[in-house]
Amino acid sequence: MSWRAGLRLTKGPRGAVGECVLILDFMVGLSAGLEEGEGEVRQGLGQAILLSSLLDNASFWAALRPDASLSMLQTVGLFLRREQNAALKEDLLSCFSPVLWDLIEREDNSSALRVLMQEYLQMPRDRIRTLVMSAEKDAVKRFLSHMHQSWDQLDVHTTQATQREQQAMETMTSAFIHKFPRVTPDLFVDLSQFIPFMSVSDIMSFPASLMINDSVLMAIRDHSAEMKSPQKQAFVKRLLHSTVVGDVSSWPPYFLTSILPLLPHLPVKHFQQLTSDQLVPLVELLGNTTLDGTRGHHVLRTVFIKNRNFTSDSITRLGVLACYLNPEVLRPFLLASPVPSTLWKQLAQCTSEGLIRASGRLSHWLVQAVRPLNASSLSPPALASLSGLLPQLGASFLQSLPSPQLLNLLTQPGLPSFSPAQAFQILSKMSKDTNLTMDTLCRLKPLLAGLSPAVIRDLHWPQNSGTPHCWCWRDLLADLKPALKAMLHRELREVLNGDSRNITEQLQCLVPFVPLRELIEAVDGGAILSDISLYRDLPWSPQQAQIIFKKIHQSKNITRDTIEDLGRIAGGISCDWLKLWTNETDYLELLQFLTELPGVVRPALRKCIVEELRQRPKDILNGLSPWFAAGLPVKLIESLSNTSLTAIMAHIQQHFVDFVKLPRHKQMALAEKVITELGTTHGLAEGELGGDNLDLLGPLLPFLDRDIIGLVDRRALELRLDELRGYCLPPDTLRDVAALLTGGDLLGEASAWTVGDVELVGRMLFSLSPKQINSIPQVVLSAATVEEVLAEQLNWEDSNMGQACAFQRIDQQGHQERIHSLVRTIVRAQSPKGKVPVPSCGDIRGTFPSVWTANQLSRMTEHELAQCVEVIGQDVSLSPEQRKALWVNLRQAYSPVRGLRPEQVLGLGCVLTELREKELQDANLTDLAILAQLGALNDWSPKKMRAAVVGVLRKRKLRAEQLGSVDLASLGKLLCGLTLSEISRLDPYNLSVAVLFLRGLDLPCSEPQMEALTSRLSAPQAFGPVSTWGPEVFTEIGTLAAGLEDIVLSALVQDQVEGLIPEAISLIPPKKMSVVFSAVQLSWLNVEQAWAVTENQWAELNSRQRHALSLAQYEGDVLLEHRGRNVALSARSADILTVGLLSLCCMLWQLS
């Protein structure tokens, strides 16, 4: 008999409490966990049941024996601790929590409350929500009050919660808030322990008047250390909605002190309204907060507008504000001898925390001040404070440290990366002085750019060097550049072979970094299948999964029943094989399985699945995983239900980088669906996108149609400019964003901007046109202001979002023009007759090398240039003229080139491409670490590539046919320095192994050279004739496929075309593409391949080819190119927008 059946049998005259107690006893009796002492622990329940049959609810608790409720809590606690059936425990808690709350409150039993909370955190989120929402309000209110009073005894660690516990707490918090129509100050205080788990949308739902209550503000202060920035921002926005607080400039000192933890999150435009009278009393307090640069600069500019007589002591008292002082103010203190230790330690800490740009002017001057110190005499805390400066201090500063201490210092987490030259020196020293192990190398990620064959050879390996160390090896391989990856892969393979390890352990440790050619040779499908549990979850690359799937299928027929046993290997299934199971009853379940495999679904397989879905009823689309559904063709996206759309948008919020990588028309379609599917576009012509809407849309805002962007409420946007600075801006919305920023209702024309305005927009300044940037007054664009904007842009470009967004930047030249417009006040003469400035190393670091002309760079002093060589060498955007001017200036200091040390060569970086041919032949470039760097450089001339290759081959006494796979991988782009005769003699097997590490390069070879390279890959020792290649081979050779002969490319069949990577498509010469690819072949391209076609390639195609390509780009959805730019707006009230968007608020943009 179920407990629900027991409930039906107990209906009678007794009250609700009595029924609950009886059923509670019934449930506890079902548990097998109360064996020993069961009679004693259930005694309290027995008495309660007897009383409840005689008394009504009102008199029940009064008549209960004093220790009976404690006995009941002990019974339930024991049951919850011992019971293994989670569903049974969930049922108990769902039905009887209010009774237990009452008992806990009566007994003031914190241990029982602790057990109850632990169980709540393990419940499904929907059960938690139902539990709270179904309880009576008074019961919930009493429980919250008791929990607030007992919170310190519950030992809840908010910062150490697991992801599941975090989500459970967030759900519980949201349910408690939604339980009450209006949160009062008393209720907020009782909820205050849940502040770290409040969502932005819930915070924004609080009454604005709540935010001016002293008790509420005190509660926020008490929990501010546990809060995330978006939560603090939300509280501030809610505060600003209050009509009582007035203008920021009118806020009295006591009020500012009461909201001190929130002040660093006050929107910049409002923070800039704080006056000197308001800020002076707060300077030291703000110095102990997490104030950022924009707000810090305002404080310093406002407070010290008259008194700038700083001393080293007064600077150190500024706390974090010292990080934002103008570098020119700090420079005299750094030139002092000796530099006060408190000052350099404080500024070094600023650098380590990312508040001062590590490669900027101030850091450069700070390094010069610190370098004379003896590193071995510094205390461990002092050395630790220098962590952000260590790459600039370099090997010369660190060489005095004993190797064990150096090792301990450089394995600290969060250390920035060293340049190749510095990393090479440090790793070489550590390798000679210590028994450097592979596991230690895994912890030295900041030094990986300096890895060399000598260091790899000298590594010490554990006796048991197998599977337990795989995670370390695989992570290390993933972090290395291709040529270094090839070096380390060879060593790891030899270690595993020498340790008598079989192919299983090699694959477990090295996948996905195993060349396809080796895999084809070593893997047996039957052996894989017999031990499938060892292989099914390995992170196979797409081409590896394809070849393994084929080999398994060759040894044993794969059926619908067995395919799911293959795990990630199943991702290698071909479209033809997939279609064999079209008529199976569970075919849709198979498609679902394939779309939910870990990693990215192979583009060709995704295209095949989409084609299959088109032929099925549209309602099955709603069963797809959100991340797969987000990439569907636009027409299919329009068929999705609101529930599926909500799931997709929740996924996008968590993985926005994936959204940024989608084709532009899909981005617009998804962004518009947030509005259109909810009926929210109606009435937009009459309304605005208000603050709540902007919070919901978040980073989706710039991806909307420009007509909708134009409806943004300027005042609401002004509050959110901080967030906008972190968004990705599609190229076609730059003008729209610029129009918003320069509108009269926001900042006005750029020609009237102040320093505060430039600081306010930050990197958004690059949405302006070069003409608008040029109109900004020169007095506004000081060196410090320009450096701040550039630093913000560079930091953003290094972020995951910035790197993904860079793929969308079509107008690279336009972006460079904007940068040159910004730095004009620094790099150009200040008047027509003025003197053109000659940069110092500090100037170079405050901007970057390529913004200075070749003439300016050639006039740098030898001393200044020597200090900046490595910074200059890493700027790959330098033009040939600039690099030549630099080498002419450096030649004397680096002569004779035959005597150059490896670290000097590595330090020169891209300047090496301007050495004379004889110099390249004379220089010792034989170390593969050096060769790997040279092989990654751009802008080599054919003659200089030839000179470098000749020099390497002569010094190593090698012929082309003797080059191994690692040699070939290290040569990289210098492969194009080999003659046709030499290429034709390359060992085909070694080249086929090396292509895994060459596949991403844009080789600057001539067309005959490319054809010669691919001809070697079609030799029997490599992959055999091209006509026999499967798609996995085309994927493996990557960009080299662009070099296949015309007749070979024109003969490719569909599955071979599907194996071409997008980068290979884009590298096919335009005329060649128009000749070799028919309209039919172009129609086979998947979305990624089709969008890789360049404008120059498009221009050479005929009308039939263009039509086929367009169909491939839009997956059969015709005429979508200008989709979304002329959306018709109806006249319905804009209130629909607000209601519709807010209905999704708590689901889409909650804090993670």
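- As recorded in an unreviewed UniProt entry, the protein chain goes by the name Stereocilin LRR domain-containing protein, listed as coming from Umbra pygmaea.

**What about the overall build of the protein chain?**
- Helix and strand content of the protein chain: 79 helices and 0 strands.
- Residues counted as buried form 56% of the 1152 residues belonging to the protein chain.
- Considering only contacts within the protein chain whose residues lie at least 6 apart along the sequence, 73% involve residues at least 24 apart.
- In the structure as shown, the protein chain presents an accessible area of about 48200 Å², 51% of it carried by carbon and sulfur atoms.

**Comments concerning unusual backbone geometry**
- Geometrically, the link from S337 to P338 is a cis peptide bond, its omega value of -5 degrees lying close to zero.
- Inspection of the secondary structure assignment puts P338 in the loop between α22 (327-335) and α23 (341-352).
- Looking along the chain, the bond that leaves V511 and enters P512 is cis, with omega of 10 degrees.
- For P512, the position within the fold is in the loop between α33 (503-510) and α34 (516-522).
- Positioned with a positive phi, D939 is a non-glycine residue whose angle comes to about 65 degrees.
- Note on D939: relative accessible area 47%, which makes it partly exposed.
- One non-glycine residue, K957, adopts positive backbone phi at about 55 degrees.
- By the element assignment, K957 lies in the loop between α64 (942-956) and α65 (965-971).
- Of the residues examined, K957 reaches a relative accessible area of 74% and is grouped as exposed.

**Details of the packing of helix α31 (residues 470-479) against α33**
- Interhelical geometry of α31 versus α33 gives an angle of 50 degrees and a closest axis separation of 7 Å. The orientation of α31 with respect to α33, classified from their angle, is oblique. From α31, C470, W473, R474 and L477 reach across to α33, where they touch Q508, C509 and L510.
- By residue class, the composition of the contact of α31 with α33 is 5 nonpolar, 1 polar and 1 charged.

**Points about the nonpolar core**
- Core analysis: the largest hydrophobic core is formed by 356 residues, its most contacted members being F188, F235, L410 and L632.
- In terms of residues, this core owes the most to one element, helix α10 (residues 137-154), which gives 7 residues.
- F188 has contacts with V183, I195, M198, F206, L210, V216, A219, I220 and F235, leaving out every residue within four places of it along the chain.

**Considering helix α26 (residues 390-398)**
- Counting buried residues in α26 gives 7 out of 9 residues, a clear majority hidden from the surface.
- Looking at α26, one finds that the buried residues are L390, P391, L393, G394, A395, F397 and L398.
- Buried residues along α26 sit against α24 (361-370), α27 (403-410) and α28 (420-433).

**Section: helix α15 (residues 229-240)**
- Here α15 spans 17 Å end to end across 12 residues, near enough to the 16 Å set by a 1.5 Å rise per residue.
- Among the 12 residues in α15, 9 count as buried, and that is most of the element.
- Those residues of α15 not exposed but buried are Q231, K232, A234, F235, V236, K237, R238, L239 and L240.

**As for the state of the cysteines**
- Inspection of every chain in the model, using the stated rule, returns 7 disulfides.
- What pairs with C323 in a disulfide is C350, and their sulfur atoms sit 1.9 Å apart. Across the disulfide from C323 to C350, rotation about the S-S bond amounts to roughly -65 degrees, and the bridge is consequently left-handed. Separated by 27 residues along the polypeptide, C323 in the loop between α21 (312-316) and α22 and C350 in helix α23 bring together distant segments of the chain.
- Taking relative accessible area as the criterion, C323 reaches 7% and is therefore assigned buried.
- For C575, the disulfide goes to C608, at an S-S distance of 2.0 Å. On the sign convention where negative is left-handed, the bridge of C575 and C608, at about 80 degrees about the S-S bond, is right-handed. In this pair, C575 is assigned in helix α38 (residues 575-579) and C608 in helix α40 (residues 603-614), connecting sequence segments 33 residues apart. Both residues of the pair, C575 and C608, belong to the buried class.

**Structural notes on the side chain of Q1056**
- Its location among the elements puts Q1056 in helix α71 (residues 1054-1059).
- Residue classification places Q1056 among the buried residues on the basis of a relative accessible area of 5%.
- Of the polar contacts made by the side chain of Q1056, one reaches the backbone oxygen of V1026; its length is 3.0 Å.
- What Q1056 contacts, discounting residues up to four positions off in sequence, is V1026, S1027, W1029, F1034 and A1051.

**Structural notes on the packing of aromatic side chains**
- Applying the stated criterion across every chain yields a total of 17 aromatic pairs.
- Where F188 meets F206, the ring centres are 5.6 Å apart and the plane angle is 85 degrees; that geometry is what we call edge-to-face. Placement of the pair is F188 in helix α12 (residues 185-191) and F206 in the loop between α13 (200-204) and α14 (214-222), with a sequence separation of 18 residues. The two residues F188 and F206 agree in class, both being buried.
- Aromatic pair W251 and F255: ring centres 5.3 Å apart, planes at 85 degrees, arrangement edge-to-face.
- Take W251: its relative accessible area is 2%, and that puts it in the buried class.
- Directly above the ring of W796 sits R763, whose terminal nitrogen or CZ lies 3.6 Å from the centroid.

**What to know about the pattern of salt bridges**
- All chains considered together, the criterion is met by 35 salt bridges.
- Its salt-bridge partner being E328, residue R361 comes within 3.0 Å of it at the nearest N-O pair. One end of the pair, R361, is in helix α24; the other, E328, is in helix α22, with 33 residues separating them in the sequence.
- Overall, R361 belongs to the buried group, its relative accessible area being 4%.

**Things to note about the environment of D619**
- Locating D619 in the fold gives a position in the loop between α40 and α41 (626-629).
- Taking the relative accessible area as the measure of exposure, D619 reaches 54% and is therefore exposed.
- Separated by 22 residues in the primary sequence, D619 and S641 place their C-alpha atoms 8.2 Å from one another.

**Details of the environment of M211**
- Among the secondary structure elements, M211 is positioned in the loop between α13 and α14.
- You can call M211 buried: its relative accessible area is 0%.
- Between the C-alpha atoms of M211 and K237, which are 26 residues apart in sequence, the distance is 10.0 Å.

**A look at the packing of α26 against α28**
- Here α26 crosses α28 at 35 degrees, and the two axes come no closer than 9 Å. Where α26 crosses over α28, the handedness of that crossing is left-handed. Contact residues: P391, G394, A395 and L398 in α26; Q422, Q425 and I426 in α28.
- Classifying every residue of the contact of α26 with α28 by side-chain character gives 4 nonpolar, 3 polar and no charged.

**Focus: the environment of A87**
- The residue A87 is located in helix α7 (residues 86-107) in this model.
- For A87, a relative accessible area of 43% corresponds to the partly exposed category.
- Note: C-alpha distance between A87 and M123 (36 residues apart in sequence) is 9.0 Å.

**Observations regarding the confidence of the model for the protein chain**
- For the protein chain, the average pLDDT comes to 85, and 86% of its residues sit at 70 or higher.
- Long-range and interchain partners of residues 30-65, a stretch whose pLDDT sits below 50, account for 60 contacts in this model, where long-range means more than four residues apart.
- Within the model, pLDDT remains below 50 along residues 1121-1152, and this stretch shows 96 contacts once partners closer than five positions in the same chain are excluded.

Definitions and cut-offs
- Residues numbered from 1 in each chain as written.
- Predicted model: local features only at pLDDT ≥ 70, side-chain atom pairs only at ≥ 80, totals over all residues.
- Heavy atoms only, no water.
- Helix = DSSP H or I, 4+ residues; strand = E, 2+ residues; numbered from the N terminus.
- Buried < 20%, exposed > 50% of the residue type's maximum accessible area, 1.4 Å probe, protein only.
- Contact = heavy atoms within 4.5 Å.
- Areas by Shrake-Rupley, 256 points an atom, 1.4 Å probe, with all protein chains shown as cover.
- Axes fitted to C-alpha atoms, helices over the stretch in contact; angles between N-to-C directions.
- Parallel < 35°, antiparallel > 145°, perpendicular 65-115°, else oblique.
- Nonpolar A, V, L, I, M, F, W, Y, C, P; charged D, E, K, R; others polar.
- Core = buried A, V, L, I, M, F, W, Y, C linked by side-chain atoms within 4.5 Å.
- Expected span 1.5 Å × (residues − 1).
- Disulfide = S-S within 2.5 Å.
- Polar contact = N/O pair within 3.5 Å; in protein donor to acceptor, adjacent residues only side chain to side chain.
- Phe/Tyr/Trp six-rings, centres within 6.5 Å; stacked < 30°, edge-to-face > 60°.
- Lys NZ or Arg CZ within 6 Å of the ring centre and 35° of its normal.
- Salt bridge = Lys/Arg side-chain N within 4 Å of Asp/Glu carboxyl O.
- Left-handed = near helix turned anticlockwise from the far one by under 90°.
- pLDDT = per-residue confidence, 0-100.

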